[in-house]
Amino acid sequence: DGGITQSPKYLFRKEGQNVTLSCEQNLNHDAMYWYRQDPGQGLRLIYYSQIVNDFQKGDIAEGYSVSREKKESFPLTVTSAQKNPTAFYLCASRAGSYNEQFFGPGTRLTVL
Amino acid sequence: GQSLEQPSEVTAVEGAIVQINCTYQTSGFYGLSWYQQHDGGAPTFLSYNGLDGLEETGRFSSFLSRSDSYGYLLLQELQMKDSASYFCAVRPRDNYGQNFVFGPGTRLSVLP
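Residues numbered from 1 in each chain as written. Chains lettered and ligands numbered in written order. Predicted model: local features only at pLDDT ≥ 70, side-chain atom pairs only at ≥ 80, totals over all residues. Heavy atoms only, no water.

*Asks:* Explain the overall build of chain B to me, please; I cannot follow it from the model alone.
*Replies:* Each helix and strand in chain B was counted, giving zero helices and 11 strands. The order of α-helices and β-strands along chain B, N terminus first, is β-β-β-β-β-β-β-β-β-β-β. A globule of 112 residues ought to have a C-alpha radius of gyration of about 13 Å, and chain B, at 14 Å, matches this closely. Principal-axis analysis of the C-alpha atoms places the extent of chain B at approximately 45 × 30 × 20 Å. Relative to its full complement of 112 residues, chain B shows a buried share of 49%. For chain B, restricting intrachain contacts to residue pairs at least 6 apart in sequence, the fraction spanning at least 24 positions comes to 58%. Here chain B contributes 6 positively and 11 negatively charged side chains, and the mean placements of these two sets differ by 7 Å. (Helix = DSSP H or I, 4+ residues; strand = E, 2+ residues; numbered from the N terminus. Rg over C-alpha atoms; globule rule 2.2 N^0.38 Å. Buried < 20%, exposed > 50% of the residue type's maximum accessible area, 1.4 Å probe, protein only. Contact = heavy atoms within 4.5 Å. Lys, Arg positive; Asp, Glu negative; His and termini not counted. Charge placed at Lys NZ, Arg CZ, Asp CG, Glu CD.)

Printed below as a string of structure tokens:
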């Protein structure tokens with residue numbers, strides 16, 4: 001089955017620690033995205049990538065970093081510089097010029 | 001910049017029809033999309049309007065009027081499983097359509 005996987009589903013970290021969220025897709029999509037969602041809020045774009053080895057900052061990139069070394073993978077690192085990292089993180093991908101984004105199941109990060 | 005507005009909550013009864021509005025301020029975009037998200041889940045794509053007018057997909061229809069900076073999602077024959085949050089989203093032209101901007105979401109509650 002084709003799709004997007006994110007792991008883990010729940011993640012707990014201590015304040016001041018960096019943490020990396022995994023996102024893998026086997027849809028052969030070029031574009032991948034990371035969003036942050038806070039309770040009762042919409043999706044805010046953190047980073048996106050259109051091709052391998054290239055990525056762009058979204059609206060709330062501060063305190064986050066990404067890499068795109070493979071087409072299938074787009075990991076997100078939440079650094080200690082992110083002041084309020086507790087949130088639901090969603091990864092998505094999109095094929096070519098199509099408008100539909102496919103989302104992974106999300107990772108709920110809680111920083112204690 | 002891009003800004004989308006949606007009502008925060010809508011309530012309707014099973015079997016009824018409900019309309020969720022999305023108004024926007026944008027310098028230009030490729031089209032208006034709608035996504036559904038159940039609590040704790042991932043957003044799923046519902047519909048896309050690239051041109052003005054009505055698009056119908058089963059019980060769901062979506063409408064766009066660029067001259068009025070307005071769109072809506074129409075849900076007919078409401079079912080309990082339609083209780084979810086609904087987000088509108090645009091692909092801004094000022095970034096060649098590479099990214100998406102989401103509205104704040106509308107929480108739909110369907111009552112028996």
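From this point, the discussion proceeds with the structure in view.
*Asks:* Can you walk me through the interface of chain A and chain B in this structure?
*Replies:* It is common to give the size of an interface as the accessible area that goes away when the parts come together. Taken residue by residue, the interface counts 23 residues in chain A and 19 residues in chain B. Between chain A and chain B lies a buried interface of about 1,600 Å² when both sides are counted; carbon and sulfur atoms form 53% of it. Applying the counting rule to chain A against chain B returns zero salt bridges. Across the contact surface, chain A and chain B share seven residue pairs in polar contact (both at pLDDT 80 or more). When residues of the side of chain A that touches chain B are traced back to their parent elements, those giving at least two are β4 (31–37), β5 (43–51) and β9 (87–94) of chain A. With four residues, β5 of chain A is the single largest residue contributor to the side of chain A that touches chain B. Looking at the side of chain A that touches chain B residue by residue, the class counts come to 10 nonpolar, nine polar and four charged. (Buried area = accessible area lost by both parts, 1.4 Å probe. Salt bridge = Lys/Arg side-chain N within 4 Å of Asp/Glu carboxyl O. Polar contact = N/O pair within 3.5 Å; in protein donor to acceptor, adjacent residues only side chain to side chain. Nonpolar A, V, L, I, M, F, W, Y, C, P; charged D, E, K, R; others polar.)

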